[in-house]
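# Survey of secondary and tertiary structure
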Amino acid sequence: MSTQSIQDSDACMKIIDGVVAYPPEFVEKYKKTGYWRGQTIQDFFTDCVKKYGNTIAIICGERHLSYAQLNQQIDQLVAYLQQLGYRAGERAVIQLPNIAEFFIAYFATIRLGMLPVMSLPAHRHAEVSHFIDQTQAKLYICADKYLGFDYRHLARTCQQRCPTLQHVLVVGAPEEFIAWPDLTQNTMDGISVTVPKIDAGQVAFFQLSGGSTGTPKLIPRTHDDYLYSVRASADICQLNTLTRMLMVLPVAHNFSLSSPGSLGLFFAGGTLVLASDPSPTTCFKLIDQHQVNHVALVPALAATWVESIQQGADNIFSKIDILQVGGARLADALARQLINQYQCRLQQVFGMAEGLVNYTRYDDPLESIISTQGQPISADDEIKVVDDADVEVPAGEIGHLLTRGPYTIRGYYKADEHNRKSFTSDGFYRTGDLVRITNEGNIVVEGRSKDQINRGGEKIATEEVEQVLNQHTQVIQSALVAMPDQILGEKSCAFVQWRAESSDASPVRLQMQLRQFVQQHGLATFKIPDRIEFVEKMPYTALGKIDKKILRKQVIEKTA
Ligand code: OOB
């Protein structure tokens, strides 16, 4: 174990094995207030099983798994992983679509004291190999195929690149890898499993950051901090044993897992229905078939569902009790339409994998639910709205949102240099969001200062894509900016300064080449530029940086 202390002007920051610890006075405070209860995610789930044993926990296609059955399968996988040689402290990257195996893998690795690393199905080998390297993961768990993409192919690339990777466990046809075992048979009977004693203050797993720099950052979440956000969210959202939640967004995302998400649902003893894809065709059928009453969407999906209703589908929104919308800014007009035209009970959710989550409350005035992103979970979420010099702006004015609290991290994993920029010296996280606070204390997201594109809830760190584009031999430099999109809210446009001598190829051909280049590099598909503009020179700010404001204006004019 390595411990490092960084002496700062305000605070002495303790970093243990790449994780920035909460300062002792905050640990004491969060424990004293009862936010941190010393419970691990393993104990949390065991409690759920005790309370709700025969209730159906998960519906996945034709499979209905009770809490007890899910628990049994988790135990089986724990024994299996232990036989493979896995022990507490080791890491496993989990990249699964919305299937029951995600939860079995998540809870089994945690039960063994391993640390799962969350990856989204859209990630490709650049991201996955980075997660494996960064966490020294020995195990990668994936599906054979999903939405036409073959993850075994990705696994092969990671195997070549990542020296720590020992096993690939595949749900479906394994080819040369290890097959997901049949957990419905008690094949592991007689094998004694050693469940280690874990301190709830330790990191339980790694969440994913949308990122705003070159490489995606990993977010270490502790048992204590995460479970507090889960319990409090389940409470705010009034989940109970009658809740039937449809999981439309990727299961591993923080919104899906904890706001209140699947963990909040398990805490309340409800039933989770897994959607294999987010299309109205798939989801509307599941909502009817399983009397779903709770759904969480990103604005882009809410808009797609509205469109489908306008084209003649049943008003699905009137059948559910709660529609949560978050992950990107919901336009006031769409919020109003959902409520007035489709009799929707709407809740806005403004959160981040780093911690802070805000909800509009069910009993808020309608205008607040329509036009604000709500209030934090906790009375101890500290919120500051500051100007460029970190001075708090007058009440009601727009500024940068900073936050610190009982479930917000104090630093990204193994990212000292980046952490110095992303956190203040007294531990506030710089969210990169521009907000204002209304008289009633609600947060309104007005924009963003971080260099990120929010493509329908999927976050693109522009620098990551630019770095790849710049590696193309014919590219002098590039700049990725957001362009407005009716459905997704934002899409990406790459401005590329191209070497003059290579201009004999047609622009369309060059665009194709560049898109392929990004794809071959192994970036997630949603990061491939939606539009590419070739320029002879870039506009610059007075400081000599590429002026993205001008580029954003140019692309709006071009697409108008
Ligand atoms: C959620 O988490 P992330 O980590 O994918 O993205 C966080 C960022 C925020 O900093 C903000 O820029 C944006 O996504 N965002 C919103 C928003 N919700 C998230 N921007 C405007 N309005 C909203 N309602 O996206 C996330 C995590 C937990 C719960 C919900 C969303």
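Calculation rules
Counting restarts for each chain, with residues numbered from 1 along the sequence as it is written. In view of the model being predicted, local features appear only for residues whose pLDDT reaches at least 70, and side-chain atom pairs are presented and counted only at 80 or more, with totals across whole chains, interfaces and linings using the full set of residues. By convention in this description, side-chain values take in all heavy atoms of the structure and omit both hydrogens and water. Axis geometry follows a simple rule: fit a line to the C-alpha atoms, using only the stretch in contact for helices, then measure angles between N-to-C directions, giving values from 0 to 180 degrees. A helix here means a DSSP run of H or I that spans at least four residues, while a strand means a run of E at least two residues long, and both kinds are numbered starting from the N terminus. Each angle gets one of four labels, with under 35 degrees taken as roughly parallel, over 145 as roughly antiparallel, 65 to 115 as roughly perpendicular, and the rest as oblique. Left-handed describes a crossing whose near helix is turned anticlockwise from the far helix by less than a right angle; the clockwise case is right-handed. Contacts: residue pairs with any heavy atoms within 4.5 Å of one another. Each residue receives one of three labels: charged for Asp, Glu, Lys and Arg, nonpolar for Ala, Val, Leu, Ile, Met, Phe, Trp, Tyr, Cys and Pro, and polar for the others, Gly being one of them. When DSSP finds two or more bridges between two strands, those strands count as paired. Should a side-chain nitrogen of Lys or Arg be within 4 Å of a carboxyl oxygen of Asp or Glu, the pair is scored as a salt bridge. Think of it in three bands: with a 1.4 Å probe and only protein chains considered, a residue is buried below 20% of the maximum accessible area for its type, exposed above 50%, and partly exposed in between.

This paragraph deals with the packing of helix α3 (residues 67–83) against helix α4 (residues 100–111). Put simply, α3 and α4 touch, their axes get as near as 8 Å, and they point 55° apart. The angle between α3 and α4 places the two elements in the oblique class. Crossing geometry of α3 relative to α4 is assigned as right-handed. Where α3 abuts α4, its residues Leu70, Asn71, Gln73, Ile74, Asp75, Leu77, Val78 and Leu81 lie against Ile104, Ala105, Phe107, Ala108, Thr109 and Arg111. Counted by class, the contact of α3 with α4 contains nine nonpolar, three polar and two charged residues.

Looking at chain direction, strand β24 (residues 429–437) and strand β25 (residues 443–448) are connected through five bridges and run antiparallel. Bridge pairing in β25 links Arg436 to Val444. Hairpin connection of β24 to β25: five residues between the antiparallel strands, including Gly441 at a positive phi of 90°.

With that settled, the discussion passes to the sheet that holds strand β29 (residues 489–498). The strand order across the open sheet formed by three strands is β28-β29-β30, and the pairing between neighbours is mixed. Of all strands in the sheet, those with a lone pairing partner are β28 (475–485) and β30 (531–535), marking the two edges. On average, each strand axis in the sheet is inclined to that of its neighbour by 25°, with strand direction left out of account. By the bridge criterion, five bridges tie β29 to β30 in an arrangement that is parallel. In the strand pairing of β30, Cys493 is matched with Arg531. Most of the contacts of helix α17 (residues 548–559) go to β28, to which it runs at about 60°, and overall it touches β28, β29 and β30.

Turning next to the sheet that holds strand β23 (residues 399–404). Taken in spatial order, the four strands make up an open sheet running β22-β23-β24-β25, and their pairing is antiparallel. Edge positions in the sheet fall to β22 (382–386) and β25, since each has one partner strand and no second. Geometrically, the sheet is characterised by an average inter-axis angle of 45° between neighbouring strands, direction not taken into account. In this structure, β23 lies alongside β24, joined through four bridges in antiparallel fashion. Within the sheet, the bridge partner assigned to Leu402 lies in β24 and is Arg430.

Across all of its chains, the model carries 26 salt bridges by this definition. We note a salt bridge from Asp332 to Arg329, for which the minimum N-O separation is 3.3 Å. For the salt bridge of Lys548 with Asp451, the shortest nitrogen-to-oxygen distance reads 2.8 Å. You can see Lys548 sitting in helix α17 and its partner Asp451 sitting in the loop between β25 and β26 (452–455), a full 97 residues away along the chain. Judged by relative accessible area, which is 32%, Asp451 ranks as partly exposed. Connected via shared salt-bridge partners are Asp150, Arg152, Arg156, Glu175 and Glu176.

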